[in-house]
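# Examination of the molecular architecture
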Amino acid sequence: EAGVAQSPRYKIIEKRQSVAFWCNPISGHATLYWYQQILGQGPKLLIQFQNNGVVDDSQLPKDRFSAERLKGVDSTLKIQPAKLEDSAVYLCASSLDLGGSGETQYFGPGTRLLVL
Amino acid sequence: AQSVSQHNHHVILSEAASLELGCNYSYGGTVNLFWYVQYPGQHLQLLLKYFSGDPLVKGIKGFEAEFIKSKFSFNLRKPSVQWSDTAEYFCAGGATNKLIFGTGTLLAVQP
């Protein structure tokens, strides 16, 4: 079974530029998550989709971050404009069913972003 | 506010030593608890999880964790570590659909 795919794996940009990350979840997984992991911290949930609807985006900085999952499969996360403090690893995860807290989330390899 | 805390940021052990990594959570009511591991160069993967039933949960690679409700704890244990257990370990909890992670514990096992 193929895992969660993410691209790019690494990205270096200057502040105020824009950047986009792509995620393809495990086939058949209804729920998709984007996390931000700053160095020395645990992953923090940014947004959760169930199929193509948003379940939770309470911690997404909506003035600069946006995400979409148009066909209920793959997803993109965008930052525009980027700030220095956005330097982090952006993780995508997926789970099979409704995204309940008891479900196992399967993580991708992450995209490491450095903002200069 | 809901939170998960891990007491040890760095742990260094020799092979065959016993391991216990602390995790405490602050939730009211029902909570689901997880331990994830990230081996060097690999992605996060599930070690074990608890959501009901027997409070002693066994996971992959000989790991286990015990849910102690009275102490709000879910400590990870392994009786004898191996060099291949070198990794970062994350405790996580969720009472709703949101998973909250601890800050992680970096374990280095010396051969």
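The structure displayed is predicted, hence computed values, not measured ones. (Residues numbered from 1 in each chain as written. Chains lettered and ligands numbered in written order. Predicted model: local features only at pLDDT ≥ 70, side-chain atom pairs only at ≥ 80, totals over all residues. Heavy atoms only, no water.)

### Focus on the overall build of chain A
Scanning chain A from N- to C-terminus turns up zero helices and 11 strands. Ordered by position from the N terminus, the helices and strands of chain A form the series β-β-β-β-β-β-β-β-β-β-β. Computed over the C-alpha atoms, the radius of gyration of chain A is 13 Å, within 12% of the 13 Å expected from 2.2 N^0.38 for a compact globule of 116 residues. Summarising its shape, the C-alpha atoms of chain A cover approximately 40 × 25 × 25 Å along the three principal directions. Per-residue burial over chain A gives 47% buried out of 116 residues. For chain A, the share of sequence-separated contacts (at least 6 apart) that also reach a separation of at least 24 residues comes to 54%. Of note, chain A has its 12 positive side-chain charges centred 8 Å away from the centre of its 11 negative side-chain charges. (Helix = DSSP H or I, 4+ residues; strand = E, 2+ residues; numbered from the N terminus. Rg over C-alpha atoms; globule rule 2.2 N^0.38 Å. Buried < 20%, exposed > 50% of the residue type's maximum accessible area, 1.4 Å probe, protein only. Contact = heavy atoms within 4.5 Å. Lys, Arg positive; Asp, Glu negative; His and termini not counted. Charge placed at Lys NZ, Arg CZ, Asp CG, Glu CD.)

### Section: the packing of aromatic side chains
Applying the stated rule across the entire model yields 14 aromatic pairs over all chains. Ring geometry for Tyr35 of chain A versus Phe107 of chain A: centroids 5.5 Å apart, planes at 45°, classification tilted. Placement of Tyr35 of chain A in strand E4 (residues 31-37) and of Phe107 of chain A in strand E10 (residues 106-107) is noted, with a sequence separation of 72 residues between them. Of the two residues, Tyr35 of chain A and Phe107 of chain A, neither departs from the other in class, the shared state being buried. Centre to centre, the rings of Phe107 of chain A and Phe101 of chain B are 6.1 Å apart; their planes meet at 80°, and the pair counts as edge-to-face. Taken together, the positions of Phe107 of chain A in strand E10 and Phe101 of chain B in strand E11 (residues 100-101) put the pair across two chains. Here the two residues Phe107 of chain A and Phe101 of chain B agree in accessibility, since each one is buried. Taken together through their ring pairs, the aromatic side chains of Tyr33, Tyr35 and Phe107 of chain A together with Phe34, Tyr36, Phe90 and Phe101 of chain B make up a single cluster. (Phe/Tyr/Trp six-rings, centres within 6.5 Å; stacked < 30°, edge-to-face > 60°.)

### Details of unusual backbone geometry
With omega at -10°, the peptide bond leading from Ser7 of chain A into Pro8 of chain A counts as cis. Look at Lys61 of chain B: it is not a glycine, yet its phi comes out positive at around 60°. Structurally, the position occupied by Lys61 of chain B is in the loop between strand E7 (56-58) and strand E8 (64-68). The phi dihedral of Phe72 of chain B falls on the positive side, at around 50°, and the residue is not glycine.

### Here's the deal with the interface of chain A and chain B
Often, the extent of an interface is quoted as the loss of accessible area upon association of its parts. Contacts between the two partners involve 23 residues from chain A and, on the opposite side, 19 residues from chain B. At the boundary of chain A with chain B, total buried surface from both sides reaches about 1,500 Å², with 51% on carbon and sulfur atoms. The interface formed by chain A and chain B holds zero salt bridges in total. In this structure, the connection of chain A to chain B is made through two residue pairs in polar contact (both at pLDDT 80 or more). (Buried area = accessible area lost by both parts, 1.4 Å probe. Salt bridge = Lys/Arg side-chain N within 4 Å of Asp/Glu carboxyl O. Polar contact = N/O pair within 3.5 Å; in protein donor to acceptor, adjacent residues only side chain to side chain.)

### Brief notes about the sheet that holds strand E7 (residues 65-68) of chain A
All names here are of chain A. As summarised here, the arrangement of the four strands in space is E1-E3-E8-E7, forming an open sheet in which the pairing is antiparallel. At either end of the open sheet lies a strand with only one pairing partner, and these are strand E1 (5-7) and E7. Between one strand axis and the next, the sheet turns by 15° as a mean value, whatever way the strands run. Taken together, the four bridges between E7 and strand E8 (residues 75-79) define a ladder with antiparallel strand orientation. Looking at the pairing, Ser66 lines up with Lys78 of E8. (Pairing = 2+ DSSP bridges. Axes fitted to C-alpha atoms, helices over the stretch in contact; angles between N-to-C directions.)

### Things to note about the confidence of the model for chain A
Counting all residues, the mean pLDDT for chain A is 93, and 96% of those residues have values of 70 or more. Mean pLDDT in chain A bottoms out at strand E6 (residues 53-56) of chain A, which sits at 90, and peaks at E8 of chain A, which reaches 98. (pLDDT = per-residue confidence, 0-100.)

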